[in-house]
Amino acid sequence: LTRIGRSYVYRPVGPRIIRLRVVQHVLEQLGSGARGSQIAALVDRLEQGEAGNLGGVMARVIDVAWRFEAEPPRSSGGSAAL
């Protein structure tokens, strides 16, 4: 597990329980309170090469590593009234 600026990069190795614990740790560091089955579902997606988000954290696969970073602020999508 490597921290790069405000993101984390993890090359998943070892048993599934280790991957789950590392992802839980990363999510906690980035401010997500996700637990249990939510984390397992995110790990499932990453293991299949898919991106996902959970509790304000974006996760994506880059080559053989997983990258985690806080989601950018969402725009309101509308115009402000004057």
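Now for a quick tour of the structure.

Reading guide: rules and limits
Residues numbered from 1 in each chain as written. Predicted model: local features only at pLDDT ≥ 70, side-chain atom pairs only at ≥ 80, totals over all residues. Heavy atoms only, no water. Salt bridge = Lys/Arg side-chain N within 4 Å of Asp/Glu carboxyl O. Helix = DSSP H or I, 4+ residues; strand = E, 2+ residues; numbered from the N terminus. Buried < 20%, exposed > 50% of the residue type's maximum accessible area, 1.4 Å probe, protein only. Pairing = 2+ DSSP bridges. Contact = heavy atoms within 4.5 Å. Axes fitted to C-alpha atoms, helices over the stretch in contact; angles between N-to-C directions. Parallel < 35°, antiparallel > 145°, perpendicular 65-115°, else oblique. Nonpolar A, V, L, I, M, F, W, Y, C, P; charged D, E, K, R; others polar. Core = buried A, V, L, I, M, F, W, Y, C linked by side-chain atoms within 4.5 Å.

Think of it this way: side chains of opposite charge can pair up when their charged atoms draw near. Applying the stated rule across the entire model yields seven salt bridges. A salt bridge links Arg16 to Glu47; the shortest N-O distance between them is 3.0 Å. Taken together, the residues Arg16 in helix H1 (residues 16-29) and Glu47 in helix H2 (residues 36-47) connect sequence positions 31 residues apart. On the basis of relative accessibility, which here comes to 30%, the residue Arg16 falls in the partly exposed class. Residues Glu69 and Arg67 are paired through a salt bridge, measuring 3.8 Å at the closest nitrogen-oxygen approach. Overall, the relative accessible area of 19% leaves Glu69 in the buried class. Owing to a relative accessible area of 22%, Arg67 belongs among the partly exposed residues under this scheme. Three or more residues are tied together by salt bridges with common partners; here these are Arg16, Arg19, Asp44 and Glu47.

Looking now at the pairing of strand S2 (residues 7-10). Burial along S2 is two-sided: the face carrying Ser7 and Val9 and the face carrying Tyr8 and Tyr10 are both buried. Here strand S1 (residues 2-4) folds back onto S2, and the loop between the two strands holds two residues, one of which, Gly5, carries a positive phi near 60 degrees. Summarising the sheet, S2 and strand S5 (residues 65-70) pair through four bridges and their orientation is antiparallel. Note on S5: the bridge partner recorded for Tyr8 is Phe68.

This paragraph deals with the environment of Ile18. Tracing the backbone shows Ile18 in helix H1. Residues contacting Ile18, with those up to four places away along its chain left out, are Tyr10 and Val13.

Running from amino to carboxyl end, H1 crosses H2 at an angle of 110 degrees, the nearest separation of the two axes being 10 Å. Taken together, the axes of H1 and H2 are roughly perpendicular relative to one another. Residues Arg16, Arg19, Leu20, Val23, Gln24 and Leu27 of H1 lie in contact with H2, whose contacting residues are Ile39, Ala40, Leu42, Val43, Asp44 and Glu47. Each residue belonging to the contact of H1 with H2 can be placed in one class, and the counts come to seven nonpolar, one polar and four charged.

Next up on the list: the nonpolar core. Core analysis: the biggest nonpolar cluster contains 18 residues, and Val23, Leu27, Ile39, Leu42, Trp66 and Phe68 have the highest contact counts within it. When residues of this core are assigned to their parent elements, the largest contribution, five residues, is made by H1. Among all residues touching Leu27, those that are not within four sequence positions of it are Ser32, Ala34, Ile39, Leu42, Leu54 and Val57.

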